[in-house]
Amino acid sequence: MSAWPCVAVGIAAAALLTACWAHNDEDCKLARTGPPATIVPIDEESRNGTPGLRTHWYRLAALTPDAVVTESAGVVIVIVTVPMVTEGQCPVSSSEGRRLLEGNGPEDAPSLQLFPSPKERDVDDSHLIPQRAFRVDSESSEFFWPCRADFWFSARLDNTDYWVILDPLSQRLYLNSTGRLLDRDPPVSIQSIVVQVQCVNKKVGTIINHEVRIVVRDRNDNSPRFQQQQYYVAVNETSNRTFDIPLTLSGAVVLRERLNYEEKTRYFVIVQANDRAQNLNERRTSTTTLTVDVLDGDDLGPMFLPCVLVNNTRDCRPLTYQASLPELTDPARVNPISVTPPIQAIDQDRNIQPPSDRPGILYSILVGTPEDYPQYFHMNLTTAELTLLKPINRDLHQKFDLVIKAEQDNGHPLPAFANLHIEVLDENNQKPYFTRATYEGFILESSPVGTTISDSQNLTAPLQILVLDNDVEETKDPQLHLFLNDYNAVFTVTQSGITRYLTLLQPVDRELQQLYTFSMTASDGVQESAPVTVNILVIDANDNSPTFSNISYNVKIYTDMRPGEGVIKLTAVDADEGPNGQIGYEILAGDQGDFIINDRTGLITIAPGVVLSVGRSYALTVKASDSAPPAQRRSSITTVYIEVLPPNNQSPPRFPQLMYSLEVSEAMRIGAVLLNLQAFDREGDPVRYLIQNGDPQQVFNLSQSSGLLALGKPLDRESTDRYILIVTASDGRPDGTSTATVNIVVTDVNDNGPVFDMFLPKNLSVQEEEANAFVGQVRIGLLGFVSLGKEMMVFLSSQDFLKAQLLLVQTCTSLQDDLKSSILIEGNGCKWEKATDPDAGVNGQVHYSLANFKNLFRITSNGSIYTAVKLNREVRDYYELIVEATDGAVDPRRSTLTLAIKVLDIDDNSPVFTNASYTVCVPENLPPGTVFLQIEAKDVDLGSDVNYRIRTQEALQYFALNKHTGELSLLKSLDYESFSDTEATFTFLVEAFDSKGTMPPGLATVTVRVKDMNDYSPVFSKKLYRGMVAPDAVKGTVITTVSAEDQDPPGTPASRVRYKVDVIQFPYSASIFDVEENSGRVVTRVNLNEEPSTVFKLVVIAYDDGDPVKFNTTTVEIAVLQPSVIPRFTQDEYRPPPVSESAPKGTVVAVVTAAALNQTIVYSIVSGNEEDVFGINNRTGVISVKKALDYESVKSYELRVQADSLQVVRSNLRVPSKSNTARVFIEVKDENDHAPVFTKKMYIGGVSEDAKMFSSVLKVKADDKDTGNYSAMQYRLIIPPIKDGKEGFVIEAYTGLIKTAMLFKNMRRSYFKFQVIATDNYGKGLSSKADVLVGFSHQVIKNAKMVLSHFEYGTWEIHDSVSVVNQLDMQVIVSNVPPTLVEQNKEQLIGFLDGKLLDINKEFQPYLGQGGRILEIRTPDVVANVKKQAQAVGYTEGALLALAVIIILCCMPAILIVMVSYRQRQAECAKTARIQMALPAGKPAGTAANNLYEELGDSTM
């Protein structure tokens, strides 16, 4: 049994050897098909000696040749066996293998060796490793032939590094990494090693080649590495973009939210990169820093400065700018208006880069009050400079409140707003005025100091003095100064307020002066009011007791006196008036019943029935009392001593009164009887009357016999205002005389005019340019009042001064007390500076006024003169001012005084040039030093010294100016050609200044025009021009063009070149040819008929318009061509078929043909193709489309083509003639290239529920720019089914009339929306569409009109009726929107019915205005539903009433139940209706769709 295996092995070995010997080397191949390589993986960084390959012939067939291995941390050992299963395969049986192993030598066995790459093997064979011939696998007992292998590296061409070696014993491939590391990553980058295994049977010569690819697998031995240590990116804050970090993967950094530069300008982002190793513990990371700079973007609007931030916000507090300007001011004086603080706005985005992208700020006035502010103010768009357009009258406008807007010039939607308050100041061009012409006041004489004057005698209300100034608003205090021209020591006026009050400064005594009359004037510092008269009446107070003239009286009576006969008449005087001055008398004691007294007259008489006894005496105590109330009553007593004597006829005459008082006007006529002083004499003796004392001037006459007192001389109150006369009555006996006192007060009449102080200076001066400057003062001067006591004042004229020298000091002192004025002792008299005349009261009150120059000067009530405006000495330096003084009488007296006023000069004027601008023409090339202009300026100020100088620095290098004479001269010659502008001008400023003054210099402009002297002649571009012409050329045929240039400055006459023919050199040529003056084109002057081949010469002159005129000439040779060389067209006119407007470029339109003898023809289009629409092939004459055609723009073209011979064209000399031109008429054919366009985007119509079938609803219309059938429309509707699959509406296909296609009874919808489509070419062409909205009305409303009603919360109802049955109702609830905006844009709102509310607000914002918003749109369904709920109340009431009638007929008890039910139901229905109306739209009760959005399937509003 043991031999059988050996036999089997031998048979197998013999068979193998036979097969091997029977085949050549080319038969030693792999037995299988497939990839000629085996892929083996190995980990990078594997240790040295790692097995990688084992040659195993038998097992190779079972391995997968294309194995791919992923990353692994361990070492992979791969055994690769190469099978030979066909002819020449190396494996043999075990027995034969052993035999071969034991008996055969190495030279007969197969060998396995490693060879270098072919390139290296040719150089060196020393590395060959011989192996044993046979090897026996100890496990399988299989025999193998050793083979040899040749290897190389795919990643390296270098053969010095051997990464793979062959172990001869184990026949494995090992990694050779001694002193190095197998690294798949850069810089080594060994990704694979390719080994070629060659199996050689040395005995039979069989060779097998097999490739083994060793793939180096990656290990996670490298961390992610950023390309940069740090990254930087700048992102605009307004950007939403993604910026990238270039990593292995995406590396995109995405903004989660918008950045804000104003909050943070830089971010530091730590970015971590992780690899994706499957083992989490082996994953590696690395980090980098990303610096993100936030760039300022245009996300904020401007803001006004200064900005005061609201707490914890970035918002500025409201800012109000202030400005003020005087009224009626010339805008030139105040522009630009000064605003506090200056108006300035800046962009809150202050760091936009680059700076050129930063927007500018635009300013404007948005709104303002009053509404006519645009007439007065304008704001500069870019500088915010506010200017006044015209003067403002403060009587019309006192202030302006404007809202200014600042916005960016790039259309940024966030403007800024600020307020501007402009106050119009008073120009003080209005005089103050009192509201009344006179004032009446009352004061109780016992009032203390500080008491306010009352306006009535009952002293209940104060006297209000209302004074206004039109320069100041009526509601504001005009702050006027009121002053009294008299009695200012007695009364004063309050100093502030619109209403003023008079108060008492010192006590008044009615008994001394009962009426105070004075004038009062109001002044605002510049203007003075007209004076008003104030009368203050002192009301009597019982402050005086009745006073008898004597303490006691002695009277003698006689026994023969009868009862009732008067004894004595007592007179007591009480200075009070009224009841306080009415005196009653009574005898208190001592009368013993024998005497009685009259209580009114004070006459004591003998009592009735009394008989007097001789020797008796009486002492009567008599009291005189006034009639004041008992508590205030005053009295005094006197004693009358009466002695009774026996009868005697020697008693003296007796006056009825001891004291007489009367007032006499100083105007009383002479001879007038003043008083009857008749005395009674008991004995009847004649009585003689005399003036004993008090009339030294014998002013009065007293009749000695009758006692009548008459006026003997004229009275003069100003001389003597009171007389006290002592009058006697005598019967001739020594003791027969009695006396009486007559007190005569002289009253005043206005018989004296005011007299100016003669010592006042009459030559005054005032400085110019000063308003309210004090000029001087005038006053009324009165001299010579001498007082002899407070009871009597005597006026002494100038001649009477010597008589009063001794009493001068006492008199002046007394006058100072009496006149309440300052008295000066001057010379021989008393002088006081009181503004009054000698008359008393109103007649003596003086008012000053100006008779001339009232607009330049003003005078106050005390005579002070001021300038009313600024005077200008240069206009007028001397004034004769007339001052007028008038008293206060009804018919006043006047006096005038002329003052000479000289206006003093100040340096207030700048020198002024005689011309504001000087223009002088200077020829070029003038020599330096030439004087070409003299300027002059004058200074109207006195003593000025005018000097001149050039202000523009650039002009100093060309011109010199004599500072004393004003002569302007050249510093160097001027060259016209050196100026770059079209006009050789030099403009500069000169100034004139006063060397002794301080005013700014005067300016003038000097413009020096440099005159071109024509330096150059025209120069032709050629010396000889050639041209050709047909022998039959018509008149005007262009032959050639000559051209000449002039180097003089362009635009000057010297540079303008014109042409003409020299008719002298070649007169015949000049007769048939000509040259156009401006263009230089040489043309035929006549229709030619010349011989062919003739050559003409023509001399052309080019000349300019300079000074002097310069010219040049050239010669033109014109050859007449042979007719045979001039092409001739086959047709004079070509009319090709129409070309379609949609024809592409290159489409052939027409072909023109011309011919000439032995000539090559060149075609060209010479006219009619200005827009270069067509092109022509210059050799074939084919005319084609060059640009797109448009029938609607141009419907036809007329081209003129020309044919020339190539010879002529090459000479650039085309020859027009009658035969070589032709016209081509091209018609453009219309195509359907325009779609129809509807006249409206949405058509709105209406239909009622009782509309009949095929009732007209509305008509649509579409237009088309095309013509013919292309503009014929066919209409159709796209409409969803409305009811029972019916569409509801139809349209007439060719008219566009929409009609109803169904009945709308019981239709619950309130509108229908669908589309209409118009297609041109009768429905075969282009189409467009429009929307149609048809409103449905449940009730026909006739004569319906649009109603716009405003509700409390901003709701408008829009009822839009197109016809009787065309009604669409909806409600638009808005906020902060004027009703007119909704009314004007209701069609746009209707178009938004199917939209979202947010979208509606966004789209409709331009119609809402600032801050406007649509809160809700109530669709027609909602509106109709609410109305039905309201109508339901009426339906329920009617049903209940009918039920009540039926029940009444049945039984009465049921009536009560029905009435109660009715009332309850009525209340519930009314409540329900109110609730429904109050419910927000879109939520009515019922099952119907609440609103349009729910009907369309969207209930979110």
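Reading guide: rules and limits
Residues numbered from 1 in each chain as written. Predicted model: local features only at pLDDT ≥ 70, side-chain atom pairs only at ≥ 80, totals over all residues. Heavy atoms only, no water. Helix = DSSP H or I, 4+ residues; strand = E, 2+ residues; numbered from the N terminus. Buried < 20%, exposed > 50% of the residue type's maximum accessible area, 1.4 Å probe, protein only. Contact = heavy atoms within 4.5 Å. Areas by Shrake-Rupley, 256 points an atom, 1.4 Å probe, with all protein chains shown as cover. Core = buried A, V, L, I, M, F, W, Y, C linked by side-chain atoms within 4.5 Å. Pairing = 2+ DSSP bridges. Axes fitted to C-alpha atoms, helices over the stretch in contact; angles between N-to-C directions. pLDDT = per-residue confidence, 0-100. Disulfide = S-S within 2.5 Å.

Q: Can you help me understand the overall build of the chain in this one?
A: Summing up its helical and strand segments, the chain has 14 helices and 101 strands in all. In the chain, buried positions account for 43% of the 1501 residues. Within the chain, contacts between residues separated by at least 24 positions form 67% of all contacts whose residues are at least 6 apart in sequence. Put simply, the chain shows about 78,600 Å² of open surface, and 52% of that area lies on carbon and sulfur atoms.

Q: For this particular structure, what's the right way to read the nonpolar core?
A: Across soluble globular proteins, nonpolar side chains show a tendency to be buried alongside one another. By size, the foremost hydrophobic cluster in this structure holds 30 residues, and its most contacted members are Phe304, Ile343 and Phe377. Secondary-structure elements contributing two or more residues to this core are β17 (320-326), β20 (361-369), β21 (377-379), β22 (386-388), β23 (399-408) and β24 (416-425). At 5 residues, the largest contribution of residues to this core is made by β24. Apart from the residues within four sequence positions on either side, Ile343 is in contact with Phe304, Tyr321, Tyr363, Met379, Ala384, Ile404 and Leu420.

Q: Which parts of the structure should I look at to understand the sheet that holds strand β26 (residues 438-444)?
A: Think of a sheet as strands paired side by side through backbone hydrogen bonds, with each pair either parallel or antiparallel. Here 4 strands make up an open sheet; going across it, the order is β26-β33-β32-β28 and the pairing mixed. Two strands bound the open sheet, and with one partner strand each, they are β26 and β28 (481-484). On average, adjacent strands in this sheet sit at an angle of 30° to one another, irrespective of strand direction. The sheet contact formed by strand β32 (residues 515-523) and strand β33 (residues 532-539) spans 6 bridges and is antiparallel. The partner of Leu515 across the bridge, within β33, is Leu537.

Q: Looking at this structure, I do not really get the sheet that holds strand β63 (residues 917-923). What am I missing?
A: One open sheet holds the 4 strands; their spatial order is β63-β70-β69-β66, and the pairing between them is mixed. Because the sheet does not close on itself, it has two edges, and the strands there are β63 and β66 (946-950). Strand after strand, the sheet turns through a mean of 25° between neighbouring axes, direction not considered. Here 5 bridges tie β66 to strand β69 (residues 985-994), and the two strands are oriented antiparallel to one another. Looking at β69, one finds that Tyr948 is bridged to Ala992.

Q: Honestly, the confidence of the model for the chain in this entry has me stumped. Any pointers?
A: Any segment with low pLDDT has predicted coordinates that should not be analysed in fine detail. Per-residue pLDDT for the chain averages 76, and the proportion of residues at 70 or more is 73%. Here residues 818-822 is modelled with pLDDT under 50, and outside its nearest four sequence neighbours on either side it reaches 13 contacts, counting other chains as well. Taken together, the stretch residues 1478-1501 has pLDDT below 50 and engages in 44 contacts with residues farther than four places along the chain or on a different chain.

Q: Help me understand the state of the cysteines in this model?
A: Applying the stated criterion across every chain, the model contains 1 disulfide. Residue pairing for Cys307: its cysteine sulfur links by disulfide to Cys316, the two sulfurs lying 1.8 Å apart. What sets the handedness of the Cys307 and Cys316 disulfide is the S-S torsion sign, and at about -95° it is left-handed.

Q: Quick question: what am I supposed to make of the environment of Phe1020 here?
A: Following the sequence through the fold, Phe1020 ends up in strand β71 (residues 1019-1020). Taking the C-alpha atoms as reference points, Phe1020 and Thr1113, 93 residues apart in sequence, are found 7.5 Å from one another.

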